[in-house]
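Architecture at a glance
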Amino acid sequence: MKVQFNRSALTDSLAIITAVVPSRTPKPILKGVRIEAQEACVHLCATDLEVGIGYTLSEVKVLEQGQIVLDAERLAAIVRESTDDVLTLESQDTTCEIRGADSHFTIYGQDAEQFPPVSAFEGDADVEVSLEELKRGIRQCLFATARESSRYAINGVLWEMTGKRLSLVATDGRRLAKTSINLISAPSAETASRTLIVPAKTMSLLDRLSTSENKSVLIKLVGTQILFRCGEVMITSNLVEGNFPKYDDIIPKDYDKRIVLPTEGVASAVRRASLLTSEETKGIKLSFSDNTLTFSGRAPEAGVAEITMSIDYSGDPISVGFSPQFLTDAIRVMKTDAFEMDLSQPDRPGLIKSGSDFIYVLMPINLA
Amino acid sequence: MSASSVRRVIHVDMDAFYASVEQRDNPTLKGRPVIVGGDPQGRGVVCAASYEARRLGVFSAMPMRQAMRRCPQAVILPVRMGRYAEVSRRIHAIMADYTPLIEPLSLDEAFLDVTGSIPLLGSDILIGREIKQRIKAELKLVASVGVAPNKFLAKVGSDLEKPDGFVVITEQNKQAVLDPLPVKRIWGVGKVTQQTLASRGVETVRQLRQMPFDRLEATLGAAAASSLYRLARGQDDRAVEPEQEAKSLSSERTFATDVTDRADLEGVLLEEVERVATRLRRQQLYAKTVMVKIRYGDFRTITRRTTLAQPTCLTDRLWEAARSLLIAWQKTAFGPVRLIGFGVTGLAAEQGRQLELFPDPHEQRLRRLDRVIDEVRDRYGANALQRRHKG
């Protein structure tokens, strides 16, 4: 293999490729990126066996076809630190020479034949969505997924399709975020009937795709895998097996206390009240009474914070404790200047709605 | 903060607490010398003696054998710490009706800062009397109470007319109360300081007070001198510090002979985990970090710890973590074991706990299991039900 790469294009591709490469793995070859030079382009690919990524680079000049596996982090660092516009990679068996104007690296790689196969995106897409819309959806739910929960199903994002709408739902067992996005075309009844749980890692990878042009994402379901193609990038991912909690049951529908709140004002008040919380008392208290909302934080031995806000509220007084992080997470992804908060009891979940798409259910912190 | 002039502090000290609890629980012991302590045949010491026994020369920390010689007719009882702790909690509950600022020193004594309660409840003297009366009426136990402007004087007060004492010390009478006392009644004056002072002819607080500061400093050093100088004048501005939450819980077992059998170690570790888990649940606490402690036959001691994803009080979750620490240790640093222990830190209370939207069904089953086991043990004793780990 002998290829001349446009260095900046190679840097960009490796930046997203290395996001898939596992930092620790019992299989050393998975720390590599497979480089395959074809007639007019080069395919880069990496996988952690759960999520795989392929990247087709066309800003290349292939002088000799061939393939090799190189340590992804090391290659990315060399390419990133180089100063040349063009870098030449030339491989012989499992050794690769990287040359710039004043540099020459010899890298020992591995046999590309040993690299695990990564599924290819073949045939028509089952679903199509604009990348921008998909990214909005991801940002409005991904933060709520569980991190390494023993309940695997909630380590992913639930996809539910109805007509030309795709709902994305994520929860860590303490709060739940749900949003909806538009699809470019309605999927087949068979596709729509499937319950999909996409790993958080895959969702965050999609969020990293560049939206420089008006790109769309093609999506295809193959067995227990989901495949994405967006421009030069191809992502394959296992679906998460298991049952997503029956989330519809916990979205409150019978609440009597409904308050409209200013997004920015609440964001600031939450930040300020949380300045006086501690490791033990992580929660802040939201007290609603006659047209006033008070945010308070208390840190034993440090002090007390209180921020008051005029609101339109005439119901019974109620005080609820919430994690400031949970509140901030949701406020940050809202697209509206105001949002609605529904409450019933201090030990029942709070419901937040912003616009017509975003729903957030969060469990309180015990204040009693 | 020169709060000493405005603060009101009460010291409550139970009279012969352990022995009094025993006499109250068993009325046939009333009026008889009762000694609570270790095994009289072994090397045990006296933990507590009733006033009847004290009159015959038996005191705390005296070897049991000596106590038996002085008072052969005494009723000897084993220490029932759980029972005393329970009674202590009820005393604490009475005190908590008057102020949240309670600093327990042990099961049988505590300081209360009632400064903030006076506008609501009258005066410090009324509060002190009421606490003493309620302990008597509700628990049939006798407390000695000192009421004063600071901790030091409150403690001096509770001790002054023991048993069944009630002493009020004020800014006005404090010097008259302190002056005739021997210097050993001052905090920080132990045997050595007492002797040093005695060699300078200082035996009472009055004599101490009359000593110029530079001479006191030359005799005892700067730190002790400035402390004694102030205390001799009844000055003490240390705050009453409410009970600190337990920062860790642990339990360990020492083996008579070193253990090398891995299954035996796991079995014992599980018991220690259970013990700690039960205590966590009793105190409604959740632990974030678990720790396994191992002491080898040669006394080398190591600890292995891990942090849990979620704070827990479930035996099963704690055991999972402890067991994987033990297994990792067995793979790398195995050796004959003299002591094995389990502990938890990073404790958080139920208050301030993030509630669950979707309770994990498995966790709920574990919670129910723990509750049932705790109930059976509460009723039938700690050994009524044992968990066995699957090999």
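A brief look at the structure comes next. (Residues numbered from 1 in each chain as written. Chains lettered and ligands numbered in written order. Predicted model: local features only at pLDDT ≥ 70, side-chain atom pairs only at ≥ 80, totals over all residues. Heavy atoms only, no water.)

Examining the overall build of chain A
- Helix and strand counts for chain A come out as 7 helices and 25 strands.
- Among the 368 residues that make up chain A, the fraction classed as buried is 54%.
- In chain A, the proportion of contacts linking residues at least 24 apart, taken out of those at least 6 apart, comes to 66%. (Helix = DSSP H or I, 4+ residues; strand = E, 2+ residues; numbered from the N terminus. Buried < 20%, exposed > 50% of the residue type's maximum accessible area, 1.4 Å probe, protein only. Contact = heavy atoms within 4.5 Å.)

Quick notes on the packing of helix α13 (residues 262–282) of chain B against helix α14 (residues 315–333) of chain B
All names here are of chain B.
- The geometry of α13 relative to α14 is characterised by a closest axis approach of 9 Å and an angle of 145° between their N-to-C directions. Considering the relative orientation of α13 and α14, their crossing is right-handed. Of α14, the residues touching α13 (which contributes R262, L265, E266, L269, L270, V273, E274, A277, L280 and R281) are T315, L318, W319, A322, R323, L326, I327, W329 and Q330.
- Of the residues belonging to the contact of α13 with α14, the class tally is 12 nonpolar, 2 polar and 5 charged. (Axes fitted to C-alpha atoms, helices over the stretch in contact; angles between N-to-C directions. Left-handed = near helix turned anticlockwise from the far one by under 90°. Nonpolar A, V, L, I, M, F, W, Y, C, P; charged D, E, K, R; others polar.)

Looking at the sheet that holds strand β20 (residues 292–299) of chain A
Residue and element names in this part refer to chain A.
- Overall, antiparallel pairing links the 4 strands, which are arranged β21-β20-β19-β22 in an open sheet. A single partner strand is all that each edge strand has here, and the edge strands are β21 (303–310) and β22 (318–322). Here the average twist between neighbouring strands, direction ignored, is 20°.
- For strand β19 (residues 284–289) and β20, the ladder comprises 5 bridges, and the chain directions are antiparallel. Following the sheet pairing, S289 is matched in β20 by T292. (Pairing = 2+ DSSP bridges.)

Let's talk about unusual backbone geometry
- A cis amide bond, omega -10°, links K162 of chain B with the succeeding residue P163 of chain B.
- Within the element layout of this structure, P163 of chain B appears in the loop between α7 (151–160) and β8 (166–168).
- The phi torsion at L49 of chain A lies on the positive side, around 80°, for a residue other than glycine.
- When you line up the elements, L49 of chain A lands in the loop between β3 (42–47) and β4 (51–57).

Focus on helix α15 (residues 361–380) of chain B
All names here are of chain B.
- Here α15 spans 29 Å end to end across 20 residues, near enough to the 28 Å set by a 1.5 Å rise per residue.
- Among all positions in α15, only L366, D370, I373, D374 and R377 are buried. Down the axis of α15, the buried set is contained in an arc of 100°. They therefore lie on one face. Facing away from the buried side of α15, by more than 90 degrees, are the exposed residues R379 and Y380. (Expected span 1.5 Å × (residues − 1). Arc of directions from axis to C-beta.)

Some details on the pattern of salt bridges
All names here are of chain A.
- Taken as a whole and assessed by the stated rule, the structure comprises 45 salt bridges over all chains.
- Ionic pairing is found between D357 and R165, a salt bridge with its closest N-O pair at 2.6 Å. Here D357 is found in the loop between β24 (350–354) and β25 (358–362), whereas its partner R165 is found in strand β12 (residues 165–171), with 192 residues between them in sequence.
- When its relative accessible area of 18% is taken as the criterion, D357 is described as buried. (Salt bridge = Lys/Arg side-chain N within 4 Å of Asp/Glu carboxyl O.)

Re the nonpolar core
- Among the nonpolar cores identified, the biggest contains 100 residues, and I35, L44, W159, F288, F295 and M341 of chain A are the most heavily contacted of them.
- Beyond its immediate sequence surroundings of up to four residues, W159 of chain A is in contact with L134, L166, S167, L168, R194, T195, L196, V198, M203, I219, I226 and F228 of chain A.
- With 33 residues, the next largest nonpolar core counts L280, A287, V337 and I340 of chain B among its residues. (Core = buried A, V, L, I, M, F, W, Y, C linked by side-chain atoms within 4.5 Å.)

Here we look at helix α6 (residues 124–139) of chain B
Residues and elements named next belong to chain B.
- Counted at 1.5 Å a residue, the expected span for α6 with its 16 residues is 22 Å, and the 22 Å between its end C-alpha atoms agrees.
- The set of residues buried in α6 consists of D124, I127, G128, I131, K132, I135 and L139. Taken around the axis of α6, the buried residues stretch over an arc of 130°, which confines them to a single face. α6 presents L126, Q133 and A137 as exposed residues on the side facing more than 90 degrees away from its buried surface.
- Count one or two residues on from α6 and you reach K140, which has phi positive near 55°.

Quick word on the interface of chain B and chain A
- Facing the 13 residues of chain B at the interface are 23 residues of chain A.
- Interface area for chain B against chain A, summed over the two sides, is near 1,600 Å², with a carbon-plus-sulfur share of 54%.
- On the chain B side of the contact with chain A, Q354, L357 and F358 of chain B bury the most area, a combined 47% of that side's loss.
- Along the contact surface separating chain B from chain A lie 1 salt bridge.
- For R174 of chain A, the salt bridge is made with E356 of chain B, and the minimal N-O distance between the two is 3.2 Å.
- Our enumeration of links across chain B and chain A arrives at 8 residue pairs in polar contact (both at pLDDT 80 or more).
- For the side of chain B that touches chain A, the per-class residue count stands at 5 nonpolar, 4 polar and 4 charged. (Buried area = accessible area lost by both parts, 1.4 Å probe. Polar contact = N/O pair within 3.5 Å; in protein donor to acceptor, adjacent residues only side chain to side chain.)

Observations concerning the sheet that holds strand β10 (residues 285–296) of chain B
Residues and elements named next belong to chain B.
- In space, the 4 strands of this open sheet follow the order β9-β12-β10-β11, with antiparallel pairing throughout. Each of the sheet's edge strands pairs with one partner strand only, and the pair in question is β9 (248–259) and β11 (301–312). Within this sheet the neighbouring strands show an average axis-to-axis angle of 15°, counted without direction.
- Where β9 meets strand β12 (residues 337–349), 8 bridges bridge the pair, whose relative direction is antiparallel. Opposite E252, over in β12, you have G341 as the bridge partner.
- Sitting on the sheet, α14 touches β10, β11 and β12, and the angle it makes with β11 is about 145°.

Such coordinate-based values are descriptive only and should not be taken to indicate function.
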